[in-house]
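Structural characterization, general
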Amino acid sequence: MILVLSIGGSVIDHDRDRLTEYARILRDLRSDHTVFVVVGGGATARDYIGMARAFDADEAFCDSIGIAVTRLNARLLIAALGSAAYPVPPETQEDASVAALFGRIVVMGGTIPGHTTDAVAAILAEYVHADILIDATSTDGIYTKDPKKHPDAVKLDELSPARLIEIIASERMGAGANLPLDMLAAKIIERSGIPTVVLDGREPGQVVDAVNGKRIGTYLR
Ligand code: UTP
């Protein structure tokens, strides 16, 4: 199976134990699967972007800072994986697909300004014809509305990408909302039809469950 795993930066932020656990799980998965990982920037990216904004840097410049942090986090996971990983984070999906020919786990961060690593992972999944895209985020799935603001929000076990796009576009889930996926990622998932699972990345074992077909988090199809 070809697996693309997107790990939110907030899932691994400054957490050595969790990085170690992901490294262990990914090494195991590598024996049976082709594994690609895209790592986010988390709080460190937000800190750096906040500082740059305070200096009136434009948004594209801030995105470039965010991309640099995602690549830094990718290097940290590569360090944790040791010889199981391709040694550098590719800077494009095309380079990632070539890097995979060496048979190691390929870990990358962001690519270009204007989106997040969710979209990078969705495009990579298209590019490498992934069998599954797993988004390991810091919530346990997708809700009907932002659960942090609305106690009556309901977690969805399954939904269509079209419905996800509606939820993201809705006012309730607009600016500042706690969305597990960005709009571009949702649109790529819709057009590609790649089976996608959004799950709680704070419990790395859920990734193995999802690969083994267990219904967990929110299933998009
Ligand atoms: P993340 O992918 O980490 O953003 O990229 P996020 O989803 O908001 O945060 P976490 O990791 O899930 O907590 C960090 C920032 O880097 C820039 C964007 O500014 C993004 O918000 N970025 C990242 C890009 O511009 N392009 C990319 O391909 C990736």
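All of the points below concern the structure found in this document. (Residues numbered from 1 in each chain as written. Predicted model: local features only at pLDDT ≥ 70, side-chain atom pairs only at ≥ 80, totals over all residues. Heavy atoms only, no water.)

1. Digging into the site of the ligand
In the vicinity of the ligand there are 21 residues, among which G9, G41, D63, I112 and T117 approach most closely. The contact in question runs from an oxygen atom of the ligand to an N or O atom on the backbone of G42, over 3.1 Å. Residue D63 places a side-chain N or O atom 2.6 Å away from an oxygen atom belonging to the ligand. Burial of the ligand by the protein amounts to 82% of the accessible area it has alone, namely 570 Å². Of all the secondary structure elements, the ones that give two or more residues to the shell around the ligand are α1 (9-12), α3 (42-54), α4 (59-81) and α6 (117-127). (Near = heavy atom within 4 Å. Polar contact = N/O pair within 3.5 Å; in protein donor to acceptor, adjacent residues only side chain to side chain. Areas by Shrake-Rupley, 256 points an atom, 1.4 Å probe, with all protein chains shown as cover. Helix = DSSP H or I, 4+ residues; strand = E, 2+ residues; numbered from the N terminus.)

2. Here's the deal with the side chain of S6
Relative to the helices and strands, S6 resides in strand β1 (residues 2-7). At 3.3 Å, the side chain of S6 forms a polar contact with the side chain of D135.

3. A look at the sheet that holds strand β8 (residues 196-200)
The strand order across the open sheet formed by seven strands is β3-β2-β1-β4-β8-β9-β7, and the pairing between neighbours is mixed. Edge positions in the sheet fall to β3 (106-108) and β7 (158-159), since each has one partner strand and no second. Sheet analysis places strand β4 (residues 132-137) next to β8, joined by five bridges and oriented parallel. By the bridge assignment, T137 is partnered in β8 with D200. (Pairing = 2+ DSSP bridges.)

4. Structural notes on the pairing of β8
With five of five residues buried, β8 is to be regarded as a mostly interior element. Pairing analysis gives three bridges linking β8 to strand β9 (residues 218-220), with the strands arranged antiparallel. Its bridge partner being in β9, T196 is matched across the sheet by L220. (Buried < 20%, exposed > 50% of the residue type's maximum accessible area, 1.4 Å probe, protein only.)

5. Some details on α6
When you tally the buried positions in α6, you get eight out of eleven residues, the bulk of the element. Three or more residues of α6 are buried, namely T117, D118, A119, V120, A121, A122, L124 and A125. Backbone geometry just downstream of α6 places H129 in the positive-phi region, at approximately 55°.

6. Some points on the environment of P113
By the element assignment, P113 lies in the loop between β3 and α6. Residue P113 is classed as partly exposed on the basis of its relative accessible area, which comes to 38%. Sequence separation between P113 and A60 is 53 residues; the distance between their C-alpha atoms is 5.8 Å. Here P113 is in contact with A60, D63, S64 and I67, once residues within four sequence places are set aside. (Contact = heavy atoms within 4.5 Å.)

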